[in-house]
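Given next are the chains, with one letter for each unit.
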Amino acid sequence: MTDAISTLRLEDFHEIIETLGPDELKMMLLKMHTIRLFEERAEQLYSQGRVHGTMHLSIGQEATAVGASTGMIRATGDAGDYLLNHHRGHGHCLAWGSDVNRMMAEFMGKESGYCRGRGGSMHIADIDANNLGANGIVAGGVPIAVGVGLSIKMRQTSQVCLVIFGDGAANEGAFHEAMNMASIWNLPIIFLCENNQYAMSMPYPKAFNIPFVSQRAAGYGLPGETVDGNDVLAVYQAVAAAAERARRGEGASLVESVTYRYKGHSKSDKQAYRTRQEVQDWRDNKDPIDRFNTLLVRAGIISDAEGAAMRDTATQIVDDSVTFSEASADPDIASIMDGVYA
Amino acid sequence: MTTAVILPKFGFTLESSKLVRWMVSEGDKVREGDPLCEVETDKVNMEVEATADGVVAALQYPAGVDVPVTNVICYILKPGESADGLKNALSQAAQSVSVTTAPSISAIPPQHAVTSTQSAPINASPLALRIAEEHGIDLATVSGTGAGGKITRADVDNAVARQSEKPRATPAARRIAAASSIDLKTVRGSGPKGRIQGTDVAAAAAIGVVQVLAPTPIAVEKPPASDTQLSVLSPQPAASRVVKLEGMRRTIATRMQQSFQQAPHTFFEINVDTAGIDALRAKLKARNEKLSVTSLLVKGCAWALGKHPYLNATLAGDAITLWSTCNIGVAVALDNGLIVPVVHHVETLPLREIQMRIDDVAARARANSLRMNDLADGTFTISNLGMYSIDRFTAIINPPQVAILAVGRAIRQFVPDEHGQPVVQSRMSLTLSTDHRVVDGAQAAQFMADLRVVLEDPMLLVW
Amino acid sequence: MRELSYAEALREGLRQAMETDARVFAIGEDIGVYGGAFGVTAGLLDQFGGQRVIDTPISEAGIAGACVGAALTGMRPVGEIQFMDFVTLTMEQLVLQAAKVRFMFGGKASVPMVLRMPGGSGTGAAAQHSESLENWFVHVPGLKVVMPSNAYDAKGLLLSAIDDDNPVIFVEHKLLYKTKMDVPEAPYRIPLSQTNIVRAGQHVTVVATSIMVSRALAAADELAKEGIELEIIDPRTLKPLDDTPIIDSVKKTGRALIVHEAVEIGGFGGEIAARIAGSEAFDYLEAPVKRLAGLDIPIPYNRELERNTVPQIESIIVEARKLAQTAY
């Protein structure tokens with residue numbers, strides 16, 4: 001991982017800037033801010049006792065979330081791609097376009113939340129937007145992606161399924177079964193491994209005997225690529241390309257996005273497995289929001305002031321969501337049996 | 001120890017005797033053989049004698065009252081014993097004759113056999129007898145593990161222990177016992193380890209035994225264990241045999257006794273002109289269809305009961321249930337007793353259906369294949385002895401019902417017509433027994449009036 | 001009417017479902033050219049092609065997950081797990097995904113999948129190929145569990161399971177595949193959660209599942225000669241369970257015997273017994289509620305040992321007779 005602002009080649013960079021356009025680019029930066037603020041606020045609420053359970057914060061991983069979703073088509077019905085993500089998925093949901101209010105309400109277990117308060121942080125889904133849900137089981141969503149891919153082929157649409165999982169998931173048996181099936185059946189799936197270099201406490205070098213997860217793709221006959229996960233445009237480039245391939249009928253890809261989480265695995269993690277130094281280094285030198293902000297300012301897309309103002313805008317969005325959620329009602333106990341059977 | 005003095009049964013058919021007068025008072029000292037009271041039997045007045053030395057205590061009945069035989073009438077205390085805890089009906093305001101349980105015949109020690117001429121002596125050690133008597137254990141329910149089936153002290157001790165436990169009974173047994181106000185402790189269990197089955201309680205409740213799979217013998221003849229314990233006063237003729245009171249016979253005995261003791265029976269007789277019935281039956285016979293008098297009676301009673309709900313009722317504790325449907329039992333004679341299968345919801349059934357059901361259930365009754373359902377939920381009973389050439393009779397009510405109709409045969413008689421001229425009529429006697437706790441005379445009379453109307457003009461049944 | 005075997009009836013049902021609804025497809029190991037380990041899917045590959053009759057690698061978790069994903073996105077997959085024993089490899093996807101997605105997502109999304117699997121012993125396949133694990137799934141909210149006991153029910157229940165919008169665990173029995181009876185050719189449905197009174201009788205209520213239904217029927221014929229009439233009840237759907245006919249029956253007979261192949265401890269029989277004891281039927285019991293089920297051992301290889309591990313016609317006769325005669 002480099003300290004450089006971006007790993008993209010200059011001509012790629014310009015092409016991407018052209019393709020996406022200033023509005024999209026600004027939206028991407030705002031999203032990253034929103035994710036960061038949302039996560040920070042969620043942490044605060046938790047320590048104040050206003051949210052219960054636990055949460056898996058993705059502070060520091062915003063570029064992967066935003067870059068990946070920008071590379072996909074987000075729409076409803078057969079026009080939109082599918083998303084399957086994991087327990088550290090608030091960022092993915094927000095990047096996909098989920099309503100911040102309803103996400104915060106779900107955090108607080110309210111009836112107005114995405115899952116009517118039944119799912120909580122780890123199981124947020126926005127079915128209408130083809131967001132098929134976060135999964136509390138490591139690699140739980142990976143075999144499901146295979147089914148989604150089969151369904152896309154049977155229905156003969158041009159949809160693609162993006163399944164996001166972590167480095168830890170790449171060692172689950174289900175991951176391997178799914179990669180193999182996706183390959184033999186040529187399914188339109190992007191396996192995005194968000195490698196933040198620690199499973200829970202298990203550091204990557206101890207769990208793998210290969211330097212990059214993406215090397216596993218070859219074992220299944222799939223294309224694999226590793227990108228700087230803190231470079232939002234690099235992630236975008238890789239995912240968009242994979243989506244292109246899938247839509248052309250060339251099947252599945254594995255994209256490894258190397259990033260870092262600033263916070264512990266969950267709220268009960270003392271982080272004994274890494275040094276403060278290491279965390280600080282990433283924050284100071286490789287922060288994805290800082291980098292993108294710098295990039296956009298240098299490219300003349302935004303001014304410094306605009307960049308700073310984005311954080312305020314994001315703050316407002318998140319504040320509003322807290323207000324909304326705290327004013328929302330809890331689910332009615334009488335409805336406790338709802339939603340088990342169709 | 002305290003001796004309970006019972007009213008002896010002086011004759012075979014004696015159900016009760018009127019206590020004419022007491023000849024002692026509470027606190028009087030008596031010697032064995034002294035007269036305690038004078039009672040009226042169907043033949044002649046008899047004296048009840050003291051069966052032990054001691055002090056008279058706790059007179060149970062006032063003079064002038066009918067006392068069912070074998071009921072305790074007073075106690076004789078030994079020195080040092082007290083009357084505390086002994087039931088004393090006289091000290092209560094109530095004049096009721098009812099007693100909740102009659103002491104079992106077999107709890108009486110054999111040396112007082114003058115009072116126990118009807119049962120075979122119990123084979124038990126004296127100690128066992130004494131302990132059983134102390135605790136009120138009915139030795140008929142205790143199996144003897146001693147030589148020759150003799151009941152030992154240990155057997156009685158076990159029975160005493162069991163007595164204070166909750167009875168082993170199935171849920172079905174408990175349900176039926178509750179519904180029929182039967183104390184489970186009075187029911188003998190046929191299930192494993194003496195568990196009381198629903199069928200055992202149903203048998204006690206419904207004058208009959210439902211045979212599901214393993215029929216138990218209804219009457220067992222056993223020769224008396226020995227002659228030496230029999231009293232000199234009532235010599236056992238050599239030619240007679242002793243049949244133990246058990247099974248269906250015992251059930252009937254207990255039921256009849258309870259019913260007659262507890263329900264103040266009143267009787268109402270009418271004689272019905274059977275011309276209408278005869279005409280209908282003849283008409284059907286000409287079409288090769290069979291309609292029995294009993295079926296018509298069942299339907300006719302349902303018709304009349306519909307107008308007199310207090311006769312279509314059951315009494316349990318202090319609750320009278322007025323049934324909205326007529327479930328009429330028809331007494332069927334068996335070899336060793338009788339059984340009363342029920343036709344349910346008579347008011348909804350046409351005569352032909354009633355006939356079919358009665359035929360079916362009577363056949364199954366004789367074939368010993370009735371089911372529990374067949375005996376359940378009766379609200380009124382009809383007993384027809386016409387086929388035995390009985391002119392008229394009175395029947396004992398089938399608890400928890402409150403009425404029963406006894407039917408005699410149709411007799412051709414001369415009766416005056418409206419001009420006073422003799423004409424021949426066929427007339428059948430119907431005698432209704434009612435429980436006066438629930439049914440008053442006027443109600444009964446009106447019921448019978450309606451019954452006569454519909455039986456003499458069966459066309460009314462279609463209305 | 002023509003007779004079909006249980007396997008043929010399933011095949012016909014699946015074929016008819018696939019003919020009428022393009023969303024239905026089959027997926028599992030060796031279901032294509034091989035025709036399925038027990039022949040249920042024979043001929044379907046030829047008729048529908050490899051896109052709709054999908055052979056998979058040996059990847060049970062993948063199969064189950066694929067069913068979930070496809071069902072979530074508009075399809076109606078019918079997956080096959082080759083032996084019920086291997087369902088253990090799909091547990092995460094079935095229990096944590098298929099069963100819970102709808103609830104966790106607040107009642108949105110549904111997973112209309114069927115996962116078929118043959119369970120049961122009697123073929124000498126020994127401990128790892130003879131399991132009866134249906135009660136594990138009864139214990140999971142969100143799943144439905146169906147066990148057809150005969151060819152006619154198999155077809156009707158399969159069609160209903162495919163129609164159902166919930167994940168259905170469809171448990172077949174190896175020894176039933178070859179049993180034959182009249183099966184109508186036109187498609188028909190037997191509703192899920194509809195208990196069947198297979199035989200009326202007034203002395204003992206026998207609740208039986210899967211292959212125990214036919215064994216109980218044979219036992220009933222024998223006992224009828226002794227005047228003992230068994231009432232045999234087949235729940236057909238274990239969850240959600242229609243228990244009213246069972247309760248009513250026990251009210252009538254006062255005696256209940258539950259027969260299943262799965263191990264007795266922790267088995268479905270406990271559920272039925274508790275329901276009986278907790279219902280109105282309690283007041284009508286003339287004897288304790290009895291279960292006759294598998295021994296608490298893995299299925300042994302030796303034939304006699306295998307036979308003795310689970311209820312057979314003879315053991316059903318003995319138990320039912322004892323209950324009828326109030327030996328308990």
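Our structure's up above, just so we're on the same page.
All values derive from a computational prediction rather than experimental measurement.

Draft legend 1. How the structure looks around the sheet that holds strand β8 (residues 72–77) of chain B. Residues and elements named next belong to chain B. With respect to topology, 4 strands assemble into an open sheet ordered β1-β8-β6-β3, the strand pairing being antiparallel. Two strands in the sheet have a free side with no partner beyond their single neighbour: β1 (3–6) and β3 (29–30). Direction of pairing for strand β6 (residues 54–57) relative to β8: antiparallel, over a ladder of 3 bridges. Directly across from valine 56, in β8, lies its bridge partner isoleucine 76.

Draft legend 2. Representation of the interface of chain B and chain C within the structure. Every contact between the two is made by 15 residues of chain B and, on the other side, 17 residues of chain C. Between chain B and chain C, a total of about 1,000 Å² is buried, with carbon and sulfur atoms accounting for 57% of that surface. Applying the counting criterion to the chain B and chain C interface returns 10 residue pairs in polar contact (both at pLDDT 80 or more). For the side of chain B that touches chain C, the secondary-structure elements that each account for two or more residues are α3 (171–179) and α4 (198–206) of chain B. The residue makeup of the side of chain B that touches chain C, split by class, is 7 nonpolar, 5 polar and 3 charged.

Draft legend 3. Structural context of the interface of chain A and chain C. Opposite the 37 residues of chain A that make contact, chain C presents 41 residues. A buried area of about 3,000 Å², summed over both sides, lies between chain A and chain C, and 69% of it is on carbon and sulfur atoms. Applying the counting rule to chain A against chain C returns 1 salt bridge. Across the salt bridge formed by Asp128(A) and Lys108(C), the nearest N and O atoms sit 2.8 Å from each other.

Draft legend 4. Quick look at the sheet that holds strand β2 (residues 24–28) of chain C. Residues and elements named next belong to chain C. With respect to topology, 7 strands assemble into an open sheet ordered β3-β2-β4-β5-β7-β6-β12, the strand pairing being mixed. Each end of this open sheet is capped by a strand with a single partner; those strands are β3 (53–55) and β12 (237–239). Here the strands of the sheet are splayed against their neighbours by 20 degrees on average, with no regard to which way each runs. Across 2 bridges, the pairing between strand β6 (residues 144–146) and β12 is antiparallel.

Draft legend 5. Examining the packing of aromatic side chains more closely. Under the counting rule described, the total for this entry stands at 12 aromatic pairs over all chains. Both rings, one in Tyr204(A) and one in Phe208(A), keep their centres 4.3 Å apart while their planes meet at 5 degrees; by these two values the pair is stacked. Of the two residues, Tyr204(A) and Phe208(A), both sit in the buried class. Between Phe380(B) and Phe447(B) the ring centres are 5.8 Å apart and the planes differ by 55 degrees, which places this aromatic pair in the tilted class. Of this pair, Phe380(B) sits in strand β16 (residues 380–384) while Phe447(B) sits in helix α10 (residues 441–456), and the two are 67 residues apart along the sequence. Taken as a pair, Phe380(B) and Phe447(B) share a single burial class, namely buried. Against the face of Trp303(B) rests Lys307(B), its NZ or CZ located 4.2 Å from the ring centre. Note that Lys144(C) overlies the ring of Tyr341(A), its terminal NZ or CZ placed 5.4 Å from the centroid.

What counts, and where the lines are drawn
- Residues numbered from 1 in each chain as written.
- Chains lettered and ligands numbered in written order.
- Predicted model: local features only at pLDDT ≥ 70, side-chain atom pairs only at ≥ 80, totals over all residues.
- Heavy atoms only, no water.
- Pairing = 2+ DSSP bridges.
- Helix = DSSP H or I, 4+ residues; strand = E, 2+ residues; numbered from the N terminus.
- Contact = heavy atoms within 4.5 Å.
- Buried area = accessible area lost by both parts, 1.4 Å probe.
- Polar contact = N/O pair within 3.5 Å; in protein donor to acceptor, adjacent residues only side chain to side chain.
- Nonpolar A, V, L, I, M, F, W, Y, C, P; charged D, E, K, R; others polar.
- Salt bridge = Lys/Arg side-chain N within 4 Å of Asp/Glu carboxyl O.
- Axes fitted to C-alpha atoms, helices over the stretch in contact; angles between N-to-C directions.
- Phe/Tyr/Trp six-rings, centres within 6.5 Å; stacked < 30°, edge-to-face > 60°.
- Buried < 20%, exposed > 50% of the residue type's maximum accessible area, 1.4 Å probe, protein only.
- Lys NZ or Arg CZ within 6 Å of the ring centre and 35° of its normal.

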